[in-house]
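If you want the building blocks of each chain, they are given just below.
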Amino acid sequence: MLQKRITKQLKINIMALEITDANFEETVLKSDKPVVVDFWAAWCGPCRMVGPIIDEISTEYEGKAVVGKVDVDANQEFAAKYGVRNIPTVLVFQGGEVVGRQVGVAPKKAYSDAIDALL
């Protein structure tokens, strides 16, 4: 019982993968799993609303999908390449191609439905 509680607490604290310009191609474009990428910035209020949702999805889809975040202030190359003009923007990739885009805050179900459609 105690082990279950500890495990549950540890899973809650797992955060989405940090994706950078340096690892984007390997992590996102070459992935054999669906990939969800949250383009965000620390100063962005709506991004702080989406962040915990993305972290939850990261935990729930562990092993089935790659879920990560790109800080657009520190990593601008791929944000520019994919036309990210407003944040938060969440892109869904399959086979190295963008197959979904959500600009602004959306409910958790919108993100999980996008992943489920690819599994």
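The rules behind these values
- Residues numbered from 1 in each chain as written.
- Predicted model: local features only at pLDDT ≥ 70, side-chain atom pairs only at ≥ 80, totals over all residues.
- Heavy atoms only, no water.
- Pairing = 2+ DSSP bridges.
- Helix = DSSP H or I, 4+ residues; strand = E, 2+ residues; numbered from the N terminus.
- Contact = heavy atoms within 4.5 Å.
- Axes fitted to C-alpha atoms, helices over the stretch in contact; angles between N-to-C directions.
- Phe/Tyr/Trp six-rings, centres within 6.5 Å; stacked < 30°, edge-to-face > 60°.

Going by an unreviewed UniProt entry, the chain carries the name Thioredoxin and comes from Winogradskyella damuponensis.

Undergrad: Is there a simple way to explain the sheet that holds strand β3 (residues 66-71) in this structure?
TA: Hydrogen bonds between backbone groups are what pair the strands of a sheet, and the pairing can be parallel or antiparallel. In spatial order, the strands read β1-β3-β2-β4-β5; together these 5 strands make up an open sheet with mixed pairing. A strand with exactly one partner marks an edge of an open sheet, and here the two such strands are β1 (17-18) and β5 (97-103). Against the sheet, helix α3 (residues 45-60) contacts β2 (35-40), β3 and β4 (89-94), and its axis sits at roughly 155 degrees relative to β3.

Undergrad: What should I look at first to understand the packing of aromatic side chains in this one?
TA: Aromatic ring pairs: the centre-centre distance and the angle between the two ring planes describe each pair. Going through the model one piece at a time under the given rule, you end up with 5 aromatic pairs. Considering the side-chain rings of Tyr 82 and Phe 93, the 5.2 Å spacing of their centres and the 85 degrees angle between planes classify their relative orientation as edge-to-face. Placement of the pair is Tyr 82 in the loop between α4 (77-81) and β4 and Phe 93 in strand β4, with a sequence separation of 11 residues. An aromatic cluster is present here, built from Phe 24, Phe 39, Phe 78, Tyr 82 and Phe 93 joined pairwise through their rings.

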